[in-house]
Amino acid sequence: MSQSPARRRWLFGDQLGPHFLDSADQPVLLVESRRAFARRRFHRQKAHLVLSAIRHRAAELGDRCELRQVQRYADAVGGHSLSVCHPTTRGALAFVRGLPDVEVLPARGFATSMDDFTTWADGRAARRLLMEDHYRTARQRLGVLMDGDEPAGGRWNFDHDNREPPPKRRSGRVADESNRLGVSEPWWPVEDEIDEQVREDLDRWERDGDVSFLGRDGPRRFAATRDEALLAVDHFVTRRLPDFGRYEDAMLADDPWMAHSLLSAPLNLGLLDPMEVVHRVEDAYRGGAVPISAAEGAVRQIIGWRDYVWHLYWHLGPEYPARNALRARRSLPAWFADLDADAVQARCLSGVLADLRDHGWVHHIPRLMVLGNYALQRGWHPAELTDWFHRAFVDGYEWVMVANVVGMSQYADGGRITTKPYAAGGAYINRMSDYCGPCPYRPTVRVGDDACPFTAGYWAFLDRHRSDLAGNHRVAQQLRGLDRLADLGPLIEQERARGAGAP
Ligand SMILES: Cc1cc2nc3c(=O)[nH]c(=O)nc-3n(C[C@H](O)[C@H](O)[C@H](O)COP(=O)(O)OP(=O)(O)OC[C@H]3O[C@@H](n4cnc5c(N)ncnc54)[C@H](O)[C@@H]3O)c2cc1C
Ligand code: SF4
């Protein structure tokens, strides 16, 4: 069907930037569905961010926008001749395709088109769909950080330079432990009367028993408008990007933000086009303001990882999210599901749950190596965990979950995306963070009162999945280590007794 400029553009709540419109005067339909929040228990700050972003966009567009506040989408879209950009979930895509007189346009807001990704994926035949290969192809096609045919800086990958443990506490170096990296604070938005109204509405809905939320309310931390998103990009690129790559994989108990961009929320709300962020990053590198390792690290996340997980959501098919290759069937315990950080003694897990409770966000290593790792070790159901990640994070969307949670963090696809499970013991957390020092557990201890639940959980996980992992040469050494453990019997018994209790 050809595109008609006369059609009103229906914008979903994650299509809020100017690149989802075709002209400066195109009429718009925005829908705020109360039922979307009533059906599931989202983080309070996520509900706030999404509503604030939709309402800010409606206010910006003024008379040419019709904002419908309804129970269900279906209540708002009848009687219109609409066009809509390809939605970001299978359910929404089926819904818009089933409506009469709605024109569905190709997806926007990603750097690689669906056709380009399909061509790349089909060309790989039986080979694994490696992120690294997708990323290099995208860099070449888009001409990002390229010097002719060669990657800028002479290498495609600066991960090796970007995996440093956090800097040690050094007296005199920093006055403030919450900023041990010495990096500029992130950009923070200033709330306005729209946020005030959102907060009142959410309080009222909760009081009326219509909805209930996870986590705590708090100042809005993420951009909800285009102008705010541009300020956030500018601040990140000019003040924080130079420190981005180096400590990307490190964690600090007193500094959840470190040098991360905090751009996932505005990117996933569609307020920013990924390529504009990438161009800003490349300009900073070309202008000599940031090292190649930092620029490459950021570009890799945005046109590499982000696009890769978006395309895998579609490419891996509708059955993929239900995969459960390791037959993990336990339900998430309430202390974890409800972000009850105070119930937990293990300092890393308690700290990460508290950050998530307070902000609806932690960076990728706490997601993967603390929350995901713990769930993997304990055999929690991957689909339940996926739903929880979706609801608990301000930047959580269905399409982001599939590769990140089902594939990467839970190995529920049996190794389609990753070569081995992201299971690790306390030694990893101890190396990459400052959590372990004051923790009541010891990362090196496997059995006893001070046995680290991550270390013991790691060996118990390997033991449980010996046969599943037997053919995987990347874990062969660890499986041999398992055979040498003299205290494996008591360790397994100890972890069985721990059960679903908070560690
Ligand atoms: C178990 C798990 C769950 C995750 N859930 C989400 C989620 O719900 N939403 C989400 O946007 N990201 C998710 N991620 C990816 C990543 O953790 C977040 O994008 C990142 O922490 C957001 O913070 P930031 O904007 O400061 O990111 P930075 O560290 O500054 O990275 C820059 C940008 O790269 C993109 N990016 C990097 N890695 C990924 C990735 N693996 N998938 C998608 N985008 C990526 C994001 O847009 C991010 O803003 C998840 C990762 C894991 C391991
Ligand atoms: S000792 Fe174990 S539980 Fe405690 S902080 Fe370290 S890794 Fe976490």
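Just above sits the structure.
One structure accompanies this document, and this report is about it. Only a predicted model underlies this, so the values are computations on that prediction, with no experimental measurement involved. (Residues numbered from 1 in each chain as written. Chains lettered and ligands numbered in written order. Predicted model: local features only at pLDDT ≥ 70, side-chain atom pairs only at ≥ 80, totals over all residues. Heavy atoms only, no water.)

## A look at the layout of surface pockets
Then step 1. Considering only enclosed or pocket space, the second largest pocket measures out at about 860 Å³ in volume.
Then step 2. Around the second largest pocket, the lining is made up of 31 residues, and of these Phe 12, Ala 36, Arg 39, Tyr 73 and Thr 89 lie nearest the centre.
Then step 3. Those elements that place two or more of their residues in the lining of the second largest pocket are strand S2 (28-33), helix H1 (34-39), helix H2 (44-61), helix H4 (90-97) and helix H16 (398-409).
Then step 4. Residue composition of the lining of the second largest pocket, by class: 15 nonpolar, 8 polar and 8 charged. (1 Å grid on protein atoms, 1.4 Å probe; cavity = no way out; pocket = protein on both sides within 12 Å on 5 of 7 lines; lining within 4 Å. Points joined across faces, edges and corners; volume = space filled by probe spheres on them. Helix = DSSP H or I, 4+ residues; strand = E, 2+ residues; numbered from the N terminus. Nonpolar A, V, L, I, M, F, W, Y, C, P; charged D, E, K, R; others polar.)

## A look at the site of ligand 1
Then step 1. His 260, Ser 261, Leu 262, Asn 268 and Asp 395 are the nearest of the 26 residues found near ligand 1.
Then step 2. The backbone of Leu 262 places a nitrogen or oxygen atom 2.7 Å from an oxygen atom of ligand 1.
Then step 3. The contact in question runs from a nitrogen atom of ligand 1 to an N or O atom on the side chain of Asn 404, over 2.9 Å.
Then step 4. Against a free-state accessible area of 810 Å², the protein chains account for coverage of 97% of ligand 1.
Then step 5. Elements with a contribution of two residues or more to the shell around ligand 1: helix H9 (264-268), helix H11 (292-315), helix H14 (364-378) and H16.
Then step 6. When grouped by side-chain class, the residues that make up the shell around ligand 1 number 13 nonpolar, 10 polar and 3 charged. (Near = heavy atom within 4 Å. Polar contact = N/O pair within 3.5 Å; in protein donor to acceptor, adjacent residues only side chain to side chain. Areas by Shrake-Rupley, 256 points an atom, 1.4 Å probe, with all protein chains shown as cover.)

## Describing the pattern of salt bridges
Then step 1. Inspection of every chain in the model, using the stated rule, returns 45 salt bridges.
Then step 2. With a shortest N-O distance of 2.9 Å, Arg 286 and Glu 282 are connected by a salt bridge. On the criterion of helical spacing, the pair formed by Arg 286 and Glu 282 is a turn pair, its members being 4 residues apart in helix H10 (residues 274-286).
Then step 3. The exposure class assigned to Arg 286 is partly exposed, which follows from its relative accessible area of 40%.
Then step 4. Across the salt bridge formed by Arg 357 and Asp 342, the nearest N and O atoms sit 3.8 Å from each other. With a gap of 15 residues between them, Arg 357 in helix H13 (residues 347-359) and Asp 342 in the loop between helix H12 (334-337) and H13 connect regions that are remote in the sequence.
Then step 5. Assessed through its relative accessible area of 63%, Asp 342 is described here as exposed. (Salt bridge = Lys/Arg side-chain N within 4 Å of Asp/Glu carboxyl O. Buried < 20%, exposed > 50% of the residue type's maximum accessible area, 1.4 Å probe, protein only.)

## Comments concerning the site of ligand 2
Then step 1. If you check the shell around ligand 2, you find Ala 346, Cys 348, Gly 426, Ile 429, Tyr 435, Cys 436, Cys 439, Tyr 441, Arg 442, Pro 443, Cys 452 and Pro 453 and nothing else.
Then step 2. For the shell around ligand 2, a count of residues per class yields 10 nonpolar, 1 polar and 1 charged.

## So, the packing of H13 against H14
Then step 1. At their nearest, the axes of H13 and H14 sit 10 Å apart, and the two run at 115° to each other. Between H13 and H14, the angle is such that the two are roughly perpendicular. Once H13 is placed against H14, the crossing between them reads as left-handed. Contact with H13, carried on its side by Cys 348, Leu 349, Val 352, Leu 353 and Leu 356, involves Pro 366, Val 370, Leu 371 and Tyr 374 of H14 and no other residues of that element.
Then step 2. Taken together, the residues of the contact of H13 with H14 sort by class into 9 nonpolar, no polar and no charged. (Axes fitted to C-alpha atoms, helices over the stretch in contact; angles between N-to-C directions. Parallel < 35°, antiparallel > 145°, perpendicular 65-115°, else oblique. Left-handed = near helix turned anticlockwise from the far one by under 90°. Contact = heavy atoms within 4.5 Å.)

## Quick notes on the packing of aromatic side chains
Then step 1. Tallying each qualifying case throughout the model produces 25 aromatic pairs.
Then step 2. Between Phe 117 and Trp 120 the ring centres are 5.3 Å apart and the planes differ by 55°, which places this aromatic pair in the tilted class. Taken together, the residues Phe 117 and Trp 120, both in helix H5 (residues 114-122) and 3 residues apart, mark about one turn of the helix.
Then step 3. Residue classification places Phe 117 among the buried residues on the basis of a relative accessible area of 2%. (Phe/Tyr/Trp six-rings, centres within 6.5 Å; stacked < 30°, edge-to-face > 60°.)

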